[in-house]
Each structure stands twice: as structure tokens, then as C-alpha cells.
Amino acid sequence: MSTPPQPPQPADQPAQQPPYQQPAAQAGVPSQPTAYPYPNPQSPPAGAFYAQPTLVGQPGPGGPQPGNPYAQATPFGPLPPAPAAGGGAGRAVLWAAVGAVVASAAWAAGVFLVGGAGDSAELRGYSAPSNMCSSADYSSFKDEYTEEDSSPTRTSLKDAALDEGYCSLSLKKPGSSYADAYLTVQLDLHKKTDPGPEFTATWKKYGDSHKGYDVDPVEGIGDEAYLVSQDTTNGSSSGSRYATLAVRDGWVTYLMSYSTYLSSYDDDKDPPALTDVTDWLKTDTKATLRELRS
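Residues numbered from 1 in each chain as written. Predicted model: local features only at pLDDT ≥ 70, side-chain atom pairs only at ≥ 80, totals over all residues. Heavy atoms only, no water.

A.B. asks: Summarise the overall build of the protein chain; cite the residues concerned and give the values.
C.D. replies: Helices and strands together make up the secondary structure of the protein chain, namely 5 helices and 7 strands. Scored against the burial criterion, the 294 residues of the protein chain give a buried share of 41%. Look at the contacts in the protein chain between residues 6 or more apart in sequence, and 65% of them connect residues 24 or more apart. For the protein chain, the accessible surface area stands at approximately 15,700 Å², while carbon and sulfur atoms represent 53% of it. (Helix = DSSP H or I, 4+ residues; strand = E, 2+ residues; numbered from the N terminus. Buried < 20%, exposed > 50% of the residue type's maximum accessible area, 1.4 Å probe, protein only. Contact = heavy atoms within 4.5 Å. Areas by Shrake-Rupley, 256 points an atom, 1.4 Å probe, with all protein chains shown as cover.)

A.B. asks: Kindly report on the environment of T283, identifying the contributing residues and their values.
C.D. replies: For T283, the position within the fold is in helix α5 (residues 274-293). A C-alpha to C-alpha distance of 7.4 Å links T283 and S140, two positions 143 residues apart in sequence.

A.B. asks: An account of the environment of S257 is requested, with residue identities and associated values reported.
C.D. replies: As for its placement among the helices and strands, S257 is situated in strand β7 (residues 252-261). The class of S257 is buried, set by a relative accessible area of 8%. Each C-alpha atom of the pair S257 and T278 lies 9.6 Å from the other, and the pair is 21 residues apart in sequence. Here S257 is in contact with Y182, L183, T184, Y242, A243 and T244, once residues within four sequence places are set aside.

A.B. asks: Before we move on, can you summarise the state of the cysteines with the specific residues and values?
C.D. replies: What the rule picks out here adds up to 1 disulfide. The disulfide partner of C133 is C167, and the S-S distance across this bridge is 2.0 Å. With the S-S bond torsion at 105 degrees, the cross-link from C133 to C167 turns out right-handed. A residue pair is termed long-range when its members are at least 10 positions apart, and C133 in helix α2 (residues 132-135) and C167 in strand β2 (residues 162-171) qualify at 34 residues. (Disulfide = S-S within 2.5 Å.)

A.B. asks: Give me the lowdown on the nonpolar core, citing residues and values where you can.
C.D. replies: Core analysis: the largest hydrophobic core is formed by 35 residues, its most contacted members being F141, L183, L187, Y258 and L281. For this core, the secondary structure elements donating two or more residues are α2, β2, β3 (181-190), β5 (224-231), β6 (240-249), β7 and α5. With 6 residues, α5 is the single largest residue contributor to this core. Residues within four places of L187 in sequence aside, it is in contact with S127, A128, P129, M132, D163, E164, G165, V252, T253, Y254, L289 and L292. With 9 residues, the next largest nonpolar core counts F199, Y213, V228 and L255 among its residues. (Core = buried A, V, L, I, M, F, W, Y, C linked by side-chain atoms within 4.5 Å.)

A.B. asks: Give a detailed account of the packing of aromatic side chains, specifying residues and quantitative values.
C.D. replies: Scanning the model with the defined rule gives 8 aromatic pairs in all. Ring plane angle 75 degrees and centroid distance 5.1 Å describe the contact between F141 and W280, whose orientation is recorded as edge-to-face. With a gap of 139 residues between them, F141 in the loop between α2 and β1 (153-158) and W280 in helix α5 connect regions that are remote in the sequence. Centre to centre, the rings of Y213 and Y242 are 6.4 Å apart; their planes meet at 85 degrees, and the pair counts as edge-to-face. With Y213 in the loop between α4 (206-209) and β4 (214-217) and Y242 in strand β6, the pair connects residues that are 29 residues apart, well separated along the chain. Here a set of aromatic residues connected by ring pairs shows up, and it is made of F141, Y145, Y258 and W280. It is K142 that lies over the ring of Y138; its NZ or CZ is 4.6 Å from the centre. (Phe/Tyr/Trp six-rings, centres within 6.5 Å; stacked < 30°, edge-to-face > 60°. Lys NZ or Arg CZ within 6 Å of the ring centre and 35° of its normal.)

A.B. asks: Any details on the pairing of β7? Residues and values, ideally.
C.D. replies: Among the 10 residues that make up β7, 10 are buried, leaving the element largely enclosed by the rest of the structure. Alternating residues of β7 divide into V252, Y254, M256, Y258 and T260 and T253, L255, S257, S259 and Y261, and every residue in both groups is buried. The sheet contact formed by β3 and β7 spans 8 bridges and is antiparallel. Among the inter-strand pairings, D188 is bridged to a residue of β7, identified as T253. Taken together, the 10 bridges between β6 and β7 define a ladder with antiparallel strand orientation. By the bridge assignment for β7, A246 is matched with L255. With antiparallel pairing between neighbouring strands as the criterion, β6 and β7 make up a hairpin whose turn holds 2 residues, including G250 at a positive phi of roughly 65 degrees. (Pairing = 2+ DSSP bridges.)

A.B. asks: Tell me about the pattern of salt bridges, residues and numbers included.
C.D. replies: Per the stated rule, a full pass over the model turns up 9 salt bridges. Between E122 and R124 there is a salt bridge, with the nearest N and O atoms lying 3.0 Å from each other. Salt-bridge contacts for R241 lead to D231; the nearest nitrogen and oxygen are separated by 3.2 Å. On the criterion of sequence distance, the pair formed by R241 in strand β6 and D231 in strand β5 is long-range, its members being 10 residues apart. Of the residues examined, D231 reaches a relative accessible area of 34% and is grouped as partly exposed. Taken together, the salt bridges that share partners define one network made up of E122, R124, D223, E224, R248, D249 and R293. (Salt bridge = Lys/Arg side-chain N within 4 Å of Asp/Glu carboxyl O.)

A.B. asks: Describe the sheet that holds β6, with residues and values.
C.D. replies: In space, the 7 strands of this open sheet follow the order β1-β2-β3-β7-β6-β5-β4, with antiparallel pairing throughout. The open sheet is flanked by β1 and β4, the only strands paired with a single partner. The mean angle between the axes of side-by-side strands here comes to 10 degrees, regardless of whether they run parallel or antiparallel. With 8 bridges connecting them, β5 and β6 associate as antiparallel partners. What sits directly across from V228, in β6, is T244. Strands in contact with helix α3 (residues 196-203) are β4, β5, β6 and β7; relative to β5, the strand with the most contacts, it is inclined by about 25 degrees. (Axes fitted to C-alpha atoms, helices over the stretch in contact; angles between N-to-C directions.)

Bear in mind that shape data such as this cannot, by itself, settle questions of function.
Below you can see the structure in the form of C-alpha cells.
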């Protein structure tokens, strides 16, 4: 990219999807990688897709029949009528069948309401801070960029389905009037939907749909991590250097992105080497995740 990032805008909440449906793929693929799941560095990603809430108290096909407001609704239709007097053996068999239907209905209702065993979110002790700018560790960059950003952009979200913290910083070298580089960080706690399959598809195979970017797996950070980078400077005074470290740990995703555009520099045309930047991203990501998990 030849122009610096624009200030991020808060993401819209996505439309609700029907229960147990996979989220629809987004149309179009931007040209530069960014925060999961949409590869656009200047647009904070939309939240996770949610299943529609269950309407409580609405009778289904097996709901109470007219004239009997106390009848129990079950997902398998109305319960059989009470047996007539007499016939002890037949009465025992019939009530055993009734008991089996009730037990099955109660079990199915419990699974439906709580999502079934094994569907709970794996948040692993992480919490999304309300101020990501003060919670993220980016100390590795401060020797190169010593000027503090006095007005960074930050957003936060707390929802039953997603907690999110986001920060965008301008990085300046001593004496610079304008930003020499940009740094963004984002933490997402996916509380209803496992982000694993989409995360892997987005980052592991990013180079398949975005030419000119290098994608490398990173060991030792979370369950999986990928480093996406690009350098178009080629020793000249123009071009850009870009790197994103994307991490998934359980149902938690974290991204830290750096970008610099030589045409946006005030006077300095000597940005740090991309190898230095990627080392800083790894160091600061590890430090941030330790802090947010404690």
C-alpha cells in the first residue's frame, strides 16, 4: 500500500444468523492484511456471528393444548393421556413409556438451552480491557519511536457473544511532526463461536489470495500464530513495510500490526528493518498475552 492507514471506525454489529448456521463469507477481499476476520487494516473487524436467541415461553408444535393451560410442552409433541383404571401390567408399561418421553424431553431441552457438552468457550482466563492502549505492551518499539501518541484511537466492546479491545497508535521518531509509523492491537474473546476454522483460513492461507505477502507460522505463541509481512521499499526512499502477528489461543484471538510508509515520513527515510519489527511483534505479543491472562 502507498498511503497510510485511515483512522478506524467502530465496527457495525453483524446481522443475526439462524441457530447453528455457519456465518456467511464476506464479499470481496481487500488487498492488505488486517485484524481477524476481515483483511482490511483500517476497518476494525465485525464481531463474531451469533445464533438467534431462543424465544422463551412460546409454544412449539408440542405446546399446551387449548383449554389446558397447565399442560407441559415437549419437543416431541403432547404427552400421552393418563391411563384408565385397571390392567396393572398395562398401566406399568404405559407409565414407563410416559416417563421415558418426559426424561428424553428434559434432556433434549437441557442440551438445547446450554448448547450441549463441549460447546463452552475456551477463554483460558483472558479478559478484554476497556482501554487497550494502556494495556498492550509495545515497549520494544519505544527505543525507535520515542514520542508518545497523545490521542490514540481506542474502542471496546462487552457483549454476551464477544468482548473486544482495540487500539491504534501513531509512532513518531524524535523531532517528527507527523507519524512515522502506525501500530494497532486487537484482542477478541469469542464467547459463542469457535474462531479456529476461520482464523486458520484467514491467516494461514493469506498468501493464496494476496500476492506479495509472506506468511510464516510462529511457534510458541498460543495454539497457532502466523506472521504476515511485506516490504516494498527495495532500498529506495518510497514504498512501505508491513507486518502483522495473528495469534489464536483457544477461543481468543489477538493481532498486532505495524506499518510504515516512507512517503509519509517528515524528514527521516530510515525505518527499522522488517526483521527487527517482526522480532518486536513477537516479544510484545507474548508480554501482552501474559498480562491479559493473569
